[in-house]
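Chain and residue survey
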Amino acid sequence: MQAFSRRFRSWQWAAALATVCGALLLQGCDNERVATTEEDLTTEAQVYAKWGQPENIWEGQNGERILEYNRQPQGTTNYQITIGPDGKVVALRQVLNRDNFDRVKPGMMMEEVRRMLGKPARIVPYALKKETVYTWRYREGHNRSSVFEVTFDPDLTVIRTEHREDPEDMTNPDNKP
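Here is a short report on the structure shown in this document. This structure is a prediction, so every number in the text was calculated from the model and none was measured. (Residues numbered from 1 in each chain as written. Predicted model: local features only at pLDDT ≥ 70, side-chain atom pairs only at ≥ 80, totals over all residues. Heavy atoms only, no water.)

1. Let's talk about the nonpolar core
Rules: As used here, the term nonpolar core means buried Ala, Val, Leu, Ile, Met, Phe, Trp, Tyr and Cys residues forming a set that is joined through side-chain atoms within 4.5 Å. Exposure categories follow from relative accessible area, calculated using a 1.4 Å probe and restricted to protein chains: below 20% of the type maximum is buried, above 50% is exposed, and the middle band is partly exposed. Helix and strand definitions follow DSSP, with helices as H or I runs of at least four residues and strands as E runs of at least two, each counted in order from the N terminus. The contact criterion used is simple: two residues touch if any of their non-hydrogen atoms lie within 4.5 Å.
Core analysis: the largest hydrophobic core is formed by 15 residues, its most contacted members being Val104, Val113, Leu117, Trp136, Phe148 and Val150. Mapped onto this core, the elements with two or more residues apiece are helix H4 (110–117), strand S6 (131–139) and strand S7 (145–152). With 4 residues, the single largest contributor to this core is H4. Val104 has contacts with Val113, Met116, Leu117, Phe148, Val150, Val158 and Thr161, leaving out every residue within four places of it along the chain.

Written out as structure tokens, the structure is:
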């Protein structure tokens, strides 16, 4: 049994290392994409060529289109690229940040939250409590990742929000097997 436990722990470490390496590789690619996506110069076709197919496309104001590039569940960023009516980039934003989290208030609908923050890392329904929790992973001012959780009622209306350390972050010594 002890040998199985050691092998299982080794497997967990290998999986965690692969996840971290994959996230770092994706982050490196994103840094290059962000640096080469310029407002008022980069066209929508160039965005698709650099970033690929978006997770979602939202209709914005005045004929703008908002392209959502999700890095969840293992990443800690979600990007939104706004394309103006002229077909050029108007804005590129990383939307998982305190300013946006602070805008999420009880009474908001899930669709508003989803549009503001992008696709969550996970969605967990709690049938007995009649609640559903959406979780986004993010980094803020330190190297450890955190999670932002939004709890919805059965009508998918925000009940409450919470910030906490990411229990899956293997850089946190408390989370190591």
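That covers the picture; the talk isn't over yet.
2. So, the environment of Glu55
Within the secondary structure, Glu55 is located in the loop between helix H2 (44–51) and strand S1 (56–59). Overall, the relative accessible area of 40% leaves Glu55 in the partly exposed class. Along the backbone, Glu55 and Lys119 are 64 residues apart, and their C-alpha atoms lie at a distance of 8.1 Å. The contact partners of Glu55, leaving out residues within four places of it in the chain, are Glu68, Asn70, Arg114 and Lys119.

3. Re unusual backbone geometry
That bond from Gln72 to Pro73 is cis: its omega, 15°, falls within 30 degrees of zero. Mapped onto the elements of the fold, Pro73 is located in the loop between strand S2 (65–70) and strand S3 (78–83). Non-glycine residue Asp40 carries a positive phi angle of around 70°. Mapped onto the elements of the fold, Asp40 is located in the loop between helix H1 (2–36) and H2. Overall, Asp40 belongs to the exposed group, its relative accessible area being 55%. Phi is positive for Lys130, which is not a glycine, with a value near 55°. Relative to the elements of secondary structure, Lys130 occurs in the loop between strand S5 (122–126) and S6.

4. Here's the deal with the environment of Leu92
Its location among the elements puts Leu92 in strand S4 (residues 89–94). Spatially, the C-alpha atoms of Leu92 and Glu38 are 8.3 Å apart, while their sequence positions differ by 54 residues.

5. Concerning the packing of aromatic side chains
For any pair of aromatic rings, the description rests on two quantities: the centre-to-centre distance and the angle between the ring planes. Defined as follows: The criterion for an aromatic pair is that two Phe, Tyr or Trp rings (for Trp, the six-membered ring) have centres within 6.5 Å, with stacked assigned to planes under 30 degrees apart, edge-to-face to planes over 60 apart and tilted to the rest. Only when the NZ of Lys or the CZ of Arg is both within 6 Å of the ring centre and within 35 degrees of the ring normal is a charge said to sit over the ring.
Across all of its chains, the model carries 7 aromatic pairs by this definition. Summarising the aromatic geometry, the rings of Trp136 and Phe148 are spaced 6.4 Å apart at their centres and angled 35° between planes, so their arrangement reads as tilted. Pair noted here: Trp136 is in strand S6 and Phe148 is in strand S7, with a separation of 12 residues, a long-range link. A network of ring pairs unites the aromatic residues Phe101, Tyr134, Trp136, Tyr138, Phe148 and Phe152 as a single cluster. Directly above the ring of Trp51 sits Arg33, whose terminal nitrogen or CZ lies 5.9 Å from the centroid.

6. Here's the deal with the side chain of Thr82
Summarising the element assignment, Thr82 is placed in strand S3. Ignoring sequence-local partners within four residues, the contact set of Thr82 consists of Glu64, Arg65, Ile66, Lys88, Val89, Val90 and Ala91.

7. Section: the pattern of salt bridges
Note the threshold: In what follows, salt bridge is the name for a side-chain nitrogen of Lys or Arg lying within 4 Å of a carboxyl oxygen of Asp or Glu.
Scanning all chains against the criterion turns up 7 salt bridges. Measuring nitrogen to oxygen at the nearest pair gives 2.5 Å for the salt bridge that ties Arg65 to Glu44. With a gap of 21 residues between them, Arg65 in strand S2 and Glu44 in helix H2 connect regions that are remote in the sequence. Ionic pairing is found between Lys119 and Glu55, a salt bridge with its closest N-O pair at 3.4 Å. Of this pair, Lys119 sits in the loop between H4 and S5 while Glu55 sits in the loop between H2 and S1; the two residues are 64 residues apart in sequence, bridging distant segments of the chain. Here Lys119 falls in the partly exposed class, since its relative accessible area comes to 35%. In this structure, a network of salt bridges that share partners links the residues Lys129, Glu131 and Arg160.

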